[in-house]
Amino acid sequence: MRARVLIRPKAGILDPQGIAVERALPALGFGGVSNVHVGRLIELDVEDPSSLDAMCRRLLANPLIEDYEILDGRSG
Amino acid sequence: MRARVLIRPKAGILDPQGIAVERALPALGFGGVSNVHVGRLIELDVEDPSSLDAMCRRLLANPLIEDYEILDGRSG
Amino acid sequence: MRAGVIRFPGSCDEVDAQLAAARVGDAVLLWHADPDLHGVDAVIVPGGFSYGDYLRVGAIARFAPVMESVIAFAREGGLVLGICNGFQVLCEAGLLPGALLPNDHLRFRCAQAELEVVNIDTPFTHGCAVGERLSIPAKHTTGRYYAPPEDLERMEATGQIVLRYAAGTNPNGSLRDIAGVCNADRNVFGLMPHPEHAVDELTGASADGLKIFASMAEAVDGRVVA
Amino acid sequence: MGASSPEAGVLPSVEDAVALGLTRAEYDLIRDKLGRAPNQVELAMFSLLWSEHCAYKHSKRLLRTLPTEGRHVLMGPGENAGAVDVGGGLACAFKVESHNHPSAVEPFQGAATGVGGILRDIFAIGARPIAVLDSLRFGEPGTSERSRYLLDRAVAGIGHYGNSIGVPTVGGEVYFEAPYEHNCLVNAMALGLGSADRLMRSAAAGVGNVVVLFGASTGRDGIGGASVLASAELGEGDEDKRPTVQVGDPFAEKKLLECSLELLDRGLLVSLQDLGAAGLTSSASEMASKGGVGIDLDVSRVPLREAGMEPFEIMVSESQERMLCVCAPERLDEVLAVCAKWEVHGTAIGEVTASGQMRIFDGDRLVGDMPVAALVDDCPLYDLEPERPRGPLYPPPVPLLAPDVEPTEALLALLRSPNIASRLPLFRQYDWLVQSRTVRRPEEADAAVLLLPDGAALAVSIDGSGRRVAADPYRGTVEVVLECAANLACVGAEPLGVTNNLNFGNPEKPHVAWQLAEAVRGLGDACRALDTAVVGGNVSLYNEGAAGPIYPTPVVGMVGRLPDARRAGRLGFARAGDAVAIAGDFRPALGAGELAKLCGEPLPDGLPEVDVAAVRAAIEAVRDAVRDGLLSSAHDIAEGGVLVAVAECCLAGGFGATLDLGPSEEPQVRLFGEGAGGFVVSGQRAALEELSARVPLAMLGEVGGEALSVRVAGHEVTVGLAELRAAHAELERFFP
Ligand SMILES: Nc1ncnc2c1ncn2[C@@H]1O[C@H](COP(=O)(O)OP(=O)(O)O)[C@@H](O)[C@H]1O
Ligand SMILES: [Mg+2]
């Protein structure tokens, strides 16, 4: 199965990139944008989807500072 | 609306981050994983969703090296 | 030559670039928020981490007010030199072809780069000889030059590939060992290595980088600078 | 602002105080000082300011014994950083600080924010940061996956912060020993340059002056411990709301740095202070204490990153990249304008008062009211109860070599040892050249050399050998200071001042107390012997893991000056035909050395005595020879002894050498023994003979060829440069 892992900074953890992007957008004429967060996207083919969660905890995400969410690759 | 922008390296462009993840997984006992790619996830609240596409083209992604995909934040 | 070195929030090597350019003329700092180029003869977009390199290297800096003027300046034939982060900014701004991607080894690496001059028919390299070796330090995490194959072919044909890493020394996985490129009109030049850090043997391993600034000064002033 | 007595709210109990790390006696003392029970905000503030980290409860009395005055000293301990006079009207500010625990939890961010923190200490006194050095300790990388991970991520974090902010990382040290397996050390040192007559102090002054917070907004970073005070009951998953991992933002700090220096340049500030450990609480209280004034703060004016933060959370938050300054009311607009220019958020959050009280308001509600003196000065200090351990404290290292190992095999094993192998795979991840000052980078010379505007140069070295200090805390620490001075001598520099970081275990344990007391005694004696002063430092205690305390690790950073940067010494052999000699009365011993470790020898109980006067004489002789341009190379003999030192000279210079160490009862000792006061020098024979007039000098042979070949007592060691280089590149394996 093709899977997508979305990794984002945990709530409350400083997100310098999100702040930088949010600051930049108005200057480019894109108003009305808020609450910007920048994370990582990992897409992979996995034979055993049930192993994805463990993969995220062990390697793909840093559970101390990041939350992750597993999406079916076809969705969205 | 809460929106998610998924940004991934264009097909055919070397993705060393994806390769690194793919190499690391078996060592941790995760087999059967292939075709790994690492990109960026950007989540934001936007008042005017119709502006998202332009935002991606102008700032969030670099069309020369990256593809992007806009998801409704509630989906997935 | 009166060079203007842009200072973005997060620029790091702007003062080094100013000192290097001052060895062959005058050099002033230009503030990112001020669109006025103050009549400089050449613009240097320096190294560093403009806007923290957040989102994507060079992506945010490219929209700074001063960049609109730099783009106009370049379109009128003004000399623009982009070093490291400056190179990335110029690619993002569309003044130079291609893009810079994370090093194939994914680490920041600081080391002397051995460069080969490919094209001396530019305002930035005419003080060099074809095939001449320049030893100039490079230090970056995102220096892997990329352009689509068809563009690379065209660039080879039109002499836009100005510097290559010497065979077998490519430090970042750049396509075709490319270290520096110019635009079709050859008045805009970007490179990943830092010539401003190779202008004095006391604080650098060589003074080879001075040749680039001297070439620019000569192009502007129409005279040879020692 | 103005009110009578603060809101009690839900009064925390003595158990809360204990949970926050205070003793019951300390809690009672706080009650007495206040004449009532402390409320939530007050207890949170006391618990931090009365912590070991802020109050130096177990180390202050020892630190008072250190020499802190000297002819070069402009600013001693007590300010954010120490400073020495480097001539030309310039001051060099420097300090070392630890981020051990945060790095053990999250090595990348822990190390990165460690660099961010020490840089703020430097620009807080008005100096522009010009260099960073790092001092790292981990478990054995060969056998410990965890240690390899910590090393990799800590190095990446240091590089990330230093590289991004445009301050070169010019030196450092890293050692690997089992006792650090469960407690790594990440110390960072920074240097800055500023004008000697305009150093900024942190004492708040001027009743009615405004207190301005500028920089990043405030979140719940690093408040973990204090969260037991949260009146709101934590529900499932709410733990996320109280993150303890601080994420560094070098971009924000870069703007903060430029903003702070411009504020000072324009003379807009009365005082300036960084927010470090204990955030607003310690910064504001220390500013008030040093100025002998009071401060009123309104937490409702503090820009927040998260909703619903309680006053105590705002007071104890350790969010990074923030500064606190005091300015005259009529200057406030200019101050805020400079902040705006640098896209830094600035907010007036309080006022200097004559009350001598630290008063915390939430809007017009008074939520805390404490005597500044009680907060800052009245924390009880504790005497250590040192006791020399009767048995060994540390298990012997795992043997990797046979005791009778052949010299050639021993040499290659030593060069491969993670404690000796080339650090290039680490430091090439650091930008060592930005700012165009770096005259000597790592592995070009024993100390980093930084050009000064007048053509002179600064030299800096950071050092500490936990294993030798564990064998003999007093002499081991003396050796550390001497090695720093020797490193400086090898580039031609004389010491101007010292900073230090005392990384030890739990000082309430008598044996650790003994290590600490002996080490500080050694530090003081050695600095006095070199007549140099300690101008600052840091203390990190309770570094203990499941397997017991770390090796006692006093890390010493020494800054010196040489008159002519163009004469800065190098460690590599430079010319075929040069003569090679050992300078100094070098009396090597194997105990506690690198070879002994590889052979699995237990630590000896004590190190041989050091003749400090003789070592100082050798140091000065070598320094002068380098300054006079007599030497082609100079390198002090350290880990691995003479043979490793010579091999390093060969590798750094790309030359072989042919040497004869003559007869010897104990060839192993002669080849691999360690100790203070020996230098491998090379130069023209006549020049070395000139040097021999001032210091014992043993001619060994000549530079040249493609191999290192050494004769000693019949044995012959011959290894080609390529083979030496391959062994020395061992750490490459850990940085693919
Ligand atoms: N081992 C030490 N030797 C000398 N001075 C020290 C030592 N440890 C701490 N100090 C001094 O005590 C003061 C407080 O240290 P610290 O709490 O680390 O300051 P900051 O909070 O600004 O980092 C500083 O002036 C520091 O130099
Ligand atoms: Mg401080």
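One can find the structure itself at the top, above this paragraph.
This is a predicted model, so every value here is computed, not measured.

Basis of the calculations
Every chain is numbered on its own, with residues counted from 1 as its sequence reads. Each chain gets a letter, beginning with A, and each ligand a number, beginning with 1, in the order they are written. With pLDDT at 70 or above as the cut-off, local features in this predicted model cover only qualifying residues; side-chain atom pairs require 80 or more to be listed or tallied, and sums for whole chains, interfaces and linings still use all residues. To obtain the side-chain values, all non-hydrogen atoms of the structure were included, while hydrogens and water were left out. Working definition: residue near molecule or strand if any one of its non-hydrogen atoms lies within 4 Å of it. Polar contact is defined as a pair of N or O atoms within 3.5 Å, subject to the rule that within protein one atom must be able to donate a hydrogen and the other to accept it, and that residues adjacent in sequence are counted only when both atoms are side-chain atoms. Computed with a 1.4 Å probe, the accessible areas rest on the Shrake-Rupley method; for each residue, only the protein chains presented here act as cover. Secondary structure elements follow DSSP: runs of H or I of four or more residues count as helices, runs of E of two or more count as strands, with numbering from the N terminus. Side-chain classes follow a simple rule in which Ala, Val, Leu, Ile, Met, Phe, Trp, Tyr, Cys and Pro form the nonpolar group, Asp, Glu, Lys and Arg form the charged group, and the remainder, Gly included, forms the polar group. Here a strand pair is declared whenever DSSP counts at least two bridges between the two strands. Contacts were defined at the residue level, with two residues in contact if any of their heavy atoms lie within 4.5 Å. Put simply, buried area is how much 1.4 Å-probe accessible surface two parts lose in total, over both of them, once they are put together. The term salt bridge refers to a pairing of a side-chain nitrogen on Lys or Arg with a carboxyl oxygen on Asp or Glu at a separation within 4 Å. Donors, by definition, are the N, O and S atoms found within 2.8 Å of a metal, the threshold being 3.2 Å for Na, K and Ca, and water is not counted, so a site can look incomplete. Partly exposed residues are those whose accessible area sits between 20% and 50% of the maximum for their type, while under 20% is buried and over 50% is exposed, using a 1.4 Å probe and protein chains only. Axes here refer to lines fitted to C-alpha atoms; in helices the fit is confined to the stretch in contact. Angles between the N-to-C directions go from 0 to 180 degrees. To sort the angles, those under 35 degrees are grouped as roughly parallel, those over 145 as roughly antiparallel, those from 65 to 115 as roughly perpendicular, and the leftovers as oblique. By convention, the crossing between two helices is left-handed when the near helix turns anticlockwise from the far helix through less than a right angle, and right-handed when the turn is clockwise. Each residue after the first adds 1.5 Å to the expected span of a helix.

A. Examining the site of ligand 1 more closely. Residue and element names in this part refer to chain D. Lining the immediate environment of ligand 1, one finds 17 residues, of which G78, E79, E97, N500 and N538 sit closest. Between ligand 1 and G537 there is a distance of 3.0 Å, counted from an oxygen atom to a backbone nitrogen or oxygen. At 2.9 Å from an oxygen atom of ligand 1 is found a side-chain nitrogen or oxygen belonging to N538. The fraction of the free accessible surface of ligand 1 (550 Å²) that becomes covered by protein chains is 86%. Contributing elements (two or more residues each) for the shell around ligand 1: β3 (90-98), β17 (494-503) and β18 (534-540). A breakdown of the residues in the shell around ligand 1 according to their chemical character gives seven nonpolar, six polar and four charged.

B. Structural detail: the pairing of strand β12 (residues 357-362) of chain D. All names here are of chain D. Here strand β9 (residues 294-298) pairs with β12 via four bridges, running parallel. Its bridge partner being in β12, D296 is matched across the sheet by R359. Here β12 pairs with strand β13 (residues 365-371) via six bridges, running antiparallel. Each residue of the ladder has a partner; that of I360, found in β13, is G368. Linking β12 to β13, which pair antiparallel, is a turn of two residues; within it G363 sits at a positive phi near 70 degrees.

C. Representation of the interface of chain D and chain A. On the side of chain A, 10 residues touch chain D, which itself brings 15 residues to the contact. Taken together, both faces of the contact between chain D and chain A bury some 1,100 Å²; the carbon and sulfur share is 64%. In this assembly, chain D and chain A are joined by zero salt bridges. Where chain D packs against chain A, one counts two residue pairs in polar contact (both at pLDDT 80 or more).

D. Spotlight on the coordination of the magnesium ion (ligand 2). Within the protein, N80 of chain D (OD1), D121 of chain D (OD) and D274 of chain D (OD) serve as the donor atoms for the magnesium ion (ligand 2), at 2.1 to 2.3 Å. Classification of D274 of chain D as buried rests on a relative accessible area of 5%.

E. Up close: the packing of helix α17 (residues 473-491) of chain D against helix α18 (residues 510-529) of chain D. All names here are of chain D. In contact at an axis separation of 7 Å, α17 and α18 are set at 40 degrees when each is read in the N-to-C sense. Here α18 runs oblique to α17, going by the angle between their axes. The crossing of α17 and α18 is right-handed. Between α17, through P473, Y474, T477, V478 and V481, and α18, the contact on the second element is made entirely by W514, Q515, E518, A519, R521, G522, L523, D525, A526 and C527. Looking at side-chain class alone, the contact of α17 with α18 contains nine nonpolar, three polar and three charged residues.

F. Main features of helix α1 (residues 16-27) of chain B. Along its 12 residues, α1 of chain B runs 17 Å from first to last C-alpha, staying within 8% of the 16 Å computed at 1.5 Å per residue. Within α1 of chain B, burial applies to P16, G18, V21 and L25 of chain B. Elements that come into contact with the buried residues of α1 of chain B comprise α2 (52-60) of chain A, β2 (33-46) of chain B together with β8 (144-146) of chain C. Immediately downstream of α1 of chain B, the backbone of G29 of chain B shows phi near 85 degrees, a positive value.

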